[in-house]
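Reading the structure
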Amino acid sequence: MSQTKVVSSQWPQVETGRVVLINSGKDEGKLAAVVQIIDHKRALVDSPHIERQEISLSHVSLTQQVITKLPRAARSGVVKKYWAEASVDDKTASTTWAKKRASREKKRQLTDFERFKVMVLKKQRRFEVRKAVAKARKASS
């Protein structure tokens, strides 16, 4: 008989100190740390970028980053101190996930003419790549 691990919560990685990205509401796109778990669907979050608030776990994305040794139910000043010690903003900004989000946001901000210029540059690059591949194929034959 095989044994299976039963997880009581839908969110097994939620823990005090876990850094989350808020996906909806007035603080959408900002990072926060879980300060206290209220129940299996809600948590108390705080960070230097947002005010302390209760949030549904369905409105956040969990990141891989954890602020270690953050005390449970820590006040805003303590959270700010641990946030700075862990250099959360710098570490998060250097992840490929954050770079991808920034790139997506930059594309979203482009005007019609800027999108047109991007399209033209892509066509030019594609032409140059195909020309180089054809030349390499001809040389190998």
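Fair warning: this is a prediction, and the values are worked out from it, not measured in the lab.

Let us look at the overall build of the protein. For the protein, the count of helices and strands is four helices and five strands. Taking 2.2 N^0.38 as the reference for a compact globule, 141 residues should give roughly 14 Å; the C-alpha atoms of the protein span a radius of gyration of 23 Å, well beyond that estimate. Along the longest, intermediate and shortest principal axes, the C-alpha atoms of the protein span 65 × 55 × 25 Å. Counting across all 141 residues of the protein, residues that qualify as buried make up 24%. Total accessible area on the protein stands at roughly 10,700 Å², and carbon and sulfur atoms take up 53% of it.

Among the nonpolar cores identified, the biggest contains 13 residues, and V19, I67, L70, W83 and V88 are the most heavily contacted of them. Of all the secondary-structure elements, those providing two or more residues to this core are β1 (18-22), β2 (31-37) and α1 (76-85). Excluding residues that lie within four positions of it along the chain, V19 makes contacts with L31, A32, A33, S61, L62, T63, Q65, I67, W83 and V88. Residues I22, V45, I50 and L57 belong to the second largest nonpolar core, which totals eleven residues.

Using the residue numbers shown here, the UniProt feature "domain: Large ribosomal subunit protein eL14" (unreviewed entry) corresponds to residues 51-126. Across residues 51-126, helical content stands at 58% and strand content at 17%; the span's end C-alpha atoms are separated by 48 Å.

A few words on unusual backbone geometry. The backbone of K69 sits at a positive phi, close to 60°, despite the residue not being glycine. Relative to the elements of secondary structure, K69 occurs in the loop between β5 (60-66) and α1. Here K69 falls in the exposed class, since its relative accessible area comes to 74%.

Enumeration according to the criterion identifies one aromatic pair in this entry. Look at F113 and F116: their rings are 6.4 Å apart centre to centre, the planes differ by 25°, and that puts the pair in the stacked class. Note that F113 and F116 are positioned in helix α4 (residues 112-140) at a spacing of three residues, about one turn of the helix.

Conventions we followed
Throughout this document, residue positions are counted from 1 along each chain, in the order its sequence is written. Per-residue local features are limited, in this predicted model, to residues with pLDDT of at least 70; the limit for side-chain atom pairs, both in listing and counting, is 80 or more; totals at the level of whole chains, interfaces and linings are taken over all residues. Hydrogens and water molecules were not included; the side-chain quantities draw on all heavy atoms of the structure. Numbering of helices and strands runs from the N terminus; a helix is a DSSP stretch of H or I covering at least four residues, while a strand is a stretch of E covering at least two. To get the radius of gyration, use the C-alpha atoms; to get the globule rule, take the number of residues to the power 0.38 and multiply by 2.2 Å. Note on exposure labels: buried denotes an accessible area under 20% of the residue type's maximum, exposed denotes more than 50%, and partly exposed covers the range between, all computed with a 1.4 Å probe on protein chains only. Per-residue accessibility takes into account occlusion by the displayed protein chains alone, with areas from the Shrake-Rupley method and a 1.4 Å probe. Side-chain atoms within 4.5 Å link the members of a nonpolar core, which is a set of buried Ala, Val, Leu, Ile, Met, Phe, Trp, Tyr and Cys residues. Note on contacts: a residue pair is in contact if any heavy atoms of the two residues lie within 4.5 Å. UniProt positions are given in the numbering used here, feature names are shortened, and annotations may be inferred rather than shown by experiment. Ring pairs are drawn from Phe, Tyr and Trp, using the six-membered ring of Trp, whenever the two centres fall within 6.5 Å, and their geometry is named by plane angle: stacked under 30 degrees, edge-to-face over 60, tilted for the rest.

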